[in-house]
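# A closer look at the structure
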Amino acid sequence: MRTAFFLLLSVTFVLSNAQAPKFKTKYLNNISDSSLQQHVYILASDSLEGRGTATEGERKAAHYIVEQFKLNGLQPYNDTCFLQNIGLWSWQWHTFTLTDAHHTFETYQDFVYLSSAPIEPQITAKCVFIGNGSDSIINHIDLDGKIAFASIENFKSWYGIASKTKRKGAIAILMVHQSDSNAFNQVSEKFKAIHQQPSIGTQEPMFSSSMVKAFAVNQSLTEKLFNQPLDSLKHLTSHQQIKDLPTPKLTIGCQLKVELADANNVVGYLPGKGTNKAAVVISAHYDHIGERYNGICVGADDNASGTAAVIELAKAFAPLKGKLNKDLIFLCTSGEEKGLLGAFYFADHPQEHSFDIKANVNIDMIGRIDSTHKNNYIYTIGNNHYPEFDSLVHVANNMNVPLKIQYDYNKSQGFGNFLRLSDHYAFHRNNIPVLGFFSGLHNDYHTPDDTPDKIDYQLMEKRVKLIFTTTYLATQKTAFSSQTDE
Ligand SMILES: [Zn+2]
């Protein structure tokens, strides 16, 4: 403890003398609580629908950030465009088909598809009634290449029956609830909501031919197919009783639309005075989790606060264009909530830009006061791996209204390892020194209650000033040593 403290003081002394006099505090005057507040309220408004990755709300947020970057004179990261597509795939249901010779049935009204594997191209096959799907029936029926039709007691058990008929060679299964006419409507509504959400992944989706293909259908469709009331169908419990039923030919199809997702990092830069392209990245994720718990999670603290800080920092640094020893990259990432996907994409695709990244300052949730503090503090993350960054933040802190620099989230706690829980990890993984800024967890985290009115904008201004000064010192520093045993 003692040794570490002594070392810290001596480094601080050297840096203070070497670098502090060059710094003009006038740049800090461009950082204001009211402007931070304005950005947070816009980014966390309901119309952005919680900024889910690859959604329209997220694209609106990206548009706003691009406009702000342009206003502040930033240049596009690759000199043509501020948006960097992060290479995700998105897929969503496009069309569902279920017809017989006489009817074209309506999705969600007459039938609903329960599986995730597509049926493309369409298949036409005979439909065979299998009663409740018990072994005593299906062991006596040839299901190979057929569409099975079961009358079941509970839609919750659909997967078990579907798997069993799949093993018997059935290409798909239709299921009706044998007594509750409302059960279909409930399951249909539930799956309609699921179908309306696109799925997102880092790879183009693959579907194995062994996956089951199951539909829930309503009573009236059932009666049309087999020409008799459901009440009499459900009493057919042996294969002898079933064998004389009609076997109508059905055509089924479920088509997915698979495309490269429109999910983008927003990246601008401020050129320094050199031509070697050495750069410091200031990052914050701007995506959030969309709707959850029957409400829009607007993510004011997480992470409209960090995004607002990046915008405000771009404004504050703008007068220093061409004057800093390194370029400054302003990176607002997408896909953080899905697993740091935008930051990984940026850090792992250096071929998409010409920068030589020397350090990363990451901002994730800096607007609130947690239950263990009253005022004037900030948690920093990564200091234990990068002692030189730790020195910088202390030098910077002495040049501002001092905040209590807290280290609690450098320890692995019950919640997890915070070094791995935000975008700084993508740079740390590439041996680039990182420092994360964070104001701590709270009960509104990832709920619709993380709203802009709960943010302390005056304290946030002080934190952003500390981040400005730390970043400024990082641009002036000639080298970072790194220590990566994580
Ligand atoms: Zn976050």
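Conventions used here
- Residues numbered from 1 in each chain as written.
- Predicted model: local features only at pLDDT ≥ 70, side-chain atom pairs only at ≥ 80, totals over all residues.
- Heavy atoms only, no water.
- Helix = DSSP H or I, 4+ residues; strand = E, 2+ residues; numbered from the N terminus.
- Polar contact = N/O pair within 3.5 Å; in protein donor to acceptor, adjacent residues only side chain to side chain.
- Core = buried A, V, L, I, M, F, W, Y, C linked by side-chain atoms within 4.5 Å.
- Buried < 20%, exposed > 50% of the residue type's maximum accessible area, 1.4 Å probe, protein only.
- Contact = heavy atoms within 4.5 Å.
- Donors = N, O, S within 2.8 Å, 3.2 Å for Na, K, Ca; no water.
- Tetrahedral: all angles 85-135°; square planar, octahedral: opposite > 155°, others 65-115°.
- Salt bridge = Lys/Arg side-chain N within 4 Å of Asp/Glu carboxyl O.
- Domains from an automatic or database assignment.
- Buried area = accessible area lost by both parts, 1.4 Å probe.
- Pairing = 2+ DSSP bridges.
- Axes fitted to C-alpha atoms, helices over the stretch in contact; angles between N-to-C directions.

## Quick look at the side chain of Ser 422
With respect to the secondary-structure elements, Ser 422 resides in the loop between β18 (404-406) and α13 (424-428). Of the polar contacts made by the side chain of Ser 422, one reaches the side chain of Asn 362; its length is 2.9 Å. Looking at Ser 422, its side chain comes within polar contact range of the side chain of Asp 364, at 2.8 Å.

## Digging into the nonpolar core
Judged by nonpolar contacts, the single largest core of 92 residues is most densely connected at Phe 69, Leu 313, Phe 317, Phe 330 and Phe 468. Other than its neighbours up to four places away in sequence, Phe 317 contacts Leu 270, Ile 282, Leu 324, Leu 328, Phe 330, Phe 468, Thr 471 and Tyr 472. Of all hydrophobic cores here, the second largest spans 55 residues; its members include Ile 130, Ala 150, Ala 183 and Leu 245.

## Side note on the coordination of the zinc ion
His 285 (NE2), Asp 302 (OD), Asp 364 (OD) and Asp 364 (OD) make up the full set of protein donors to the zinc ion, lying at 2.0 to 2.8 Å. With 4 donor atoms in place around the zinc ion and angles of 50 to 149° between them, the coordination shape is irregular. Read in sequence order, the donor residues coordinating the zinc ion give the pattern H-x16-D-x61-D. With Asp 302 in helix α10 (residues 300-317) and Asp 364 in the loop between β16 (356-363) and β17 (377-381), this pair connects stretches of sequence that are 62 residues apart.

## Focus on the pattern of salt bridges
Scanning all chains against the criterion turns up 13 salt bridges. Between Glu 56 and Arg 59 there is a salt bridge, with its nearest N and O atoms 3.4 Å apart. Linking Glu 56 with Arg 59, this pair stays in helix α3 (residues 56-71), spanning 3 residues, or about one helical turn. By relative accessible area, Arg 59 is classed as partly exposed at 26%. A salt bridge links Asp 444 to Arg 368, with the shortest nitrogen-to-oxygen separation between them at 2.8 Å.

## With respect to the domain arrangement of the protein chain
For the protein chain, the domain assignment lists domain 1 (2-88 + 262-485) and domain 2 (91-259). Of the roughly 370 Å² buried between domain 1 and domain 2, counting both surfaces, carbon and sulfur atoms make up 73%. Our count for the contact surface shared by domain 1 and domain 2 stands at 0 salt bridges. Joining domain 1 to domain 2, the criterion identifies 0 residue pairs in polar contact (both at pLDDT 80 or more).

## Examining the sheet that holds strand β7 (residues 172-177)
The sheet built from 8 strands is open, its strands ordered β4-β9-β7-β6-β5-β10-β3-β8 with mixed pairing. Of all strands in the sheet, those with a lone pairing partner are β4 (111-113) and β8 (199-201), marking the two edges. Between one strand axis and the next, the sheet turns through 30° on average, direction left out of account. As defined by bridge partners, strand β6 (residues 147-152) adjoins β7 across 6 bridges and the pair is classed as parallel. Bridge pairing links Ile 147 to Ala 172 in β7. Sitting on the sheet, helix α5 (residues 158-167) touches β6, β7 and β9 (214-217), and the angle it makes with β7 is about 145°. Helix-sheet contacts for helix α6 (residues 181-196) involve β3 (89-99), β4, β7 and β9, and the interaxial angle to β4 is about 40°.

## Observations regarding the pairing of β16
β16 sits mainly inside the fold: 6 of its 8 residues count as buried. Pairing of strand β12 (residues 278-285) with β16 involves 6 bridges; the strand directions are parallel. Bridging across to β16, Ile 282 finds its partner in Val 361. Relative to strand β19 (residues 434-438), β16 runs parallel, the two sharing 4 bridges. Directly across from Asn 360, in β19, lies its bridge partner Val 434.

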